[in-house]
Amino acid sequence: MPTQLKYDTSLSKNTDLALIVAADQVTTLSELQPKEQQYVQEQVQQEAKLVSLNRYSHRVYVVVAPDGKTEAAKKEALRQAGHALLKQLKNDNAQQITLLDKTATEASLCVAEGLYLSNYQFQKHKTKDAKPSTLQTITVADEQVSKQAVQELANVLEAVYKVRDLVNEPHSHQSATQLSEQLEALGQEAGFNMQVLDLIMIQSLKMGGLIAVNQGSEEPATFNILEYKPENAKNTKPYVLVGKGVVYDTGGLSLKPTPNSMDYMKSDMAGAAAVTGILYAVAKNKLPIHLVCLIPATDNRPGGNAVAPGDVITMHNGMTVEVLNTDAEGRLILADALSFAKKYDPELVIDFATLTGSAMRAVGKEGLVVMGTAGDEVMAALKKAGDNVHERTVEFPLWDEYKKQLESDIADLKNLGGADAGHITAGKFLEAFTSYPWVHFDIAGTAYLHNEDSYRGKLATGSGVRLVYNFLSAL
């Protein structure tokens, strides 16, 4: 059962309660008895950030609201406080917790966010030794927070859970066809429409990049069109999201090494999962936005018919590409989808992909690499949205000099640049297939983690969902 996040201001007796307070508020808390106030004050003076009081029938937790240099930093510190609170709740086997903000800053929403995201587990395939979290319900009890705000947050966080589930699912249970089925189920749940194009339709559209990557596989590719178009949509031109859906990447004939590389390539569809999660949250919250998602899906295998280094393929837009490395496959399927996106005359196109190791090496797991042609205003709005949810962006240039690295002797382009700035040359390759305002996110460093990182957890993170939802909702 996923965690339930709800709104209820009626505090009942014997309810586990977390009070979010400023350090100087302890002596004024009516919820605490005098001796409790004295004890908590002593702990806070010793720089304790979380104090637990056992009343036997229930517990009271005092969360000292951390400070930060900026509003965004304060919010992130509160999410981290939620992560710390969850560890204590697990130790106490708490099944529910009510959050009451005494700082009058809506801090409870950020603490709830950290709690909720920290409580995620993926135990679908465990038959023994599964230890589900005891925490089932998080209740926000602040009168200064609206029920609508809590429900909106709950839907966004549920979308992050859905994305993590999709990315954590092993390839043995997620071919391209199975991914399409999973996305259809999410559409029925959230209220968006979906069309699945099979391999014959993909061939009729001459999507040479997707066809080439799929050649070595025994499983057919799919091209998924997800759409949410409410009657009250405020945009006349749709926003289009494109997600890389490589459900498993061996590297093709340019075979990857297994340790710390191929062994976690089930996560190479994290871009597809992210854009689906964004659409799921938008549809669940009924935002008045016309939104389209395009997801090319396939695995990348070194089968008998696999595309070979040196082959030339013709893309959906008619351009020819010399494939010098079959492990640079994500850009091939994304290029077809970006070219297909032109038919929508889009307001803005945003793509998400675990595209390059270069992006991971550039900024590690701390930031999302971003580049594009959408202009300073859009980039600034995305940066602001990312800072607000601590999914920070680092913008890289798309200078024309980088295009020289993609010049081919026998085709219009080659799919691989030089040894340096690989994430930028990958972006420069994609740019050749766009003719509209466009933003590219390389989430190779943030989508899947090998060690626990606070509320982002371990394995799939759901990177990008909160960022772009925040960006779209601000529109």
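Cut-offs and rules
- Residues numbered from 1 in each chain as written.
- Predicted model: local features only at pLDDT ≥ 70, side-chain atom pairs only at ≥ 80, totals over all residues.
- Heavy atoms only, no water.
- Helix = DSSP H or I, 4+ residues; strand = E, 2+ residues; numbered from the N terminus.
- Buried < 20%, exposed > 50% of the residue type's maximum accessible area, 1.4 Å probe, protein only.
- Contact = heavy atoms within 4.5 Å.
- Areas by Shrake-Rupley, 256 points an atom, 1.4 Å probe, with all protein chains shown as cover.
- Lys, Arg positive; Asp, Glu negative; His and termini not counted.
- Charge placed at Lys NZ, Arg CZ, Asp CG, Glu CD.
- Pairing = 2+ DSSP bridges.
- Axes fitted to C-alpha atoms, helices over the stretch in contact; angles between N-to-C directions.
- Parallel < 35°, antiparallel > 145°, perpendicular 65-115°, else oblique.
- Left-handed = near helix turned anticlockwise from the far one by under 90°.
- Nonpolar A, V, L, I, M, F, W, Y, C, P; charged D, E, K, R; others polar.

A. Quick peek at the overall build of the protein chain. For the protein chain, the helix and strand inventory stands at 13 helices and 20 strands. Referenced to the eigenvectors of the C-alpha coordinate spread, the extents of the protein chain come out at roughly 80 × 50 × 45 Å. The buried share of the protein chain, taken over its 475 residues, is 57%. Contacts in the protein chain between residues at least 24 apart in sequence constitute 77% of all its contacts with a sequence separation of at least 6. With an accessible surface of roughly 20,500 Å², the protein chain has 47% of that area assigned to carbon and sulfur atoms. Across the protein chain, 45 positive and 57 negative side-chain charges occur, with their mean positions spaced 4 Å apart.

B. Highlighting unusual backbone geometry. Unlike most non-glycine residues, Tyr-56 shows phi in positive territory, near 70 degrees. Residue placement: Tyr-56 occurs in the loop between strand 3 (50-54) and strand 4 (59-64). At Lys-286, a position not held by glycine, the phi torsion is positive, near 55 degrees.

C. The sheet that holds strand 13 (residues 320-323), seen in detail. Read from one edge of the open sheet, 3 strands run 12-13-17, paired in mixed fashion. Of all the strands in the sheet, the pair left with one neighbour each is strand 12 (311-314) and strand 17 (413-414). In the sheet, strand 12 pairs with strand 13 via 4 bridges, with the strands oriented antiparallel. What sits directly across from Ile-313, in strand 13, is Val-321.

D. View of the packing of helix 2 (residues 71-91) against helix 3 (residues 107-118). Two elements in contact, helix 2 and helix 3, have axes whose closest approach is 7 Å; the angle formed by their N-to-C orientations is 50 degrees. The angle between the axes of helix 2 and helix 3 places the two elements in the oblique class. Handedness of the crossing formed by helix 2 with helix 3: right-handed. Contact residues: Lys-75, Leu-78, Arg-79, Gly-82, His-83, Leu-85, Leu-86 and Leu-89 in helix 2; Ala-107, Cys-110, Val-111, Glu-113, Gly-114, Leu-115 and Ser-118 in helix 3. Residue classes in the contact of helix 2 with helix 3 are distributed as 8 nonpolar, 4 polar and 3 charged.

E. Fine view of the pairing of strand 13. The hairpin turn running from strand 12 into strand 13, its antiparallel successor, is 5 residues long, and Gly-318 in that turn takes a positive phi close to 95 degrees. In this structure, strand 13 lies alongside strand 17, joined through 2 bridges in parallel fashion. Bridge pairing in strand 17 links Val-321 to Leu-413.

F. View of the sheet that holds strand 4. Here we have 6 strands laid out as an open sheet, ordered 1-6-5-2-4-3, and mixed in their pairing. Edge positions in the open sheet fall to strand 1 (4-7) and strand 3, since each of these has one partner strand only. Recorded for the sheet is a direction-independent mean angle of 20 degrees between the axes of neighbouring strands. As paired strands, strand 3 and strand 4 are joined by 5 bridges and run antiparallel to one another. Within the sheet, the bridge partner assigned to Leu-53 lies in strand 4 and is Val-60. Running at roughly 155 degrees to strand 3, helix 1 (residues 34-45) makes contact with strand 3 and strand 4 of the sheet.

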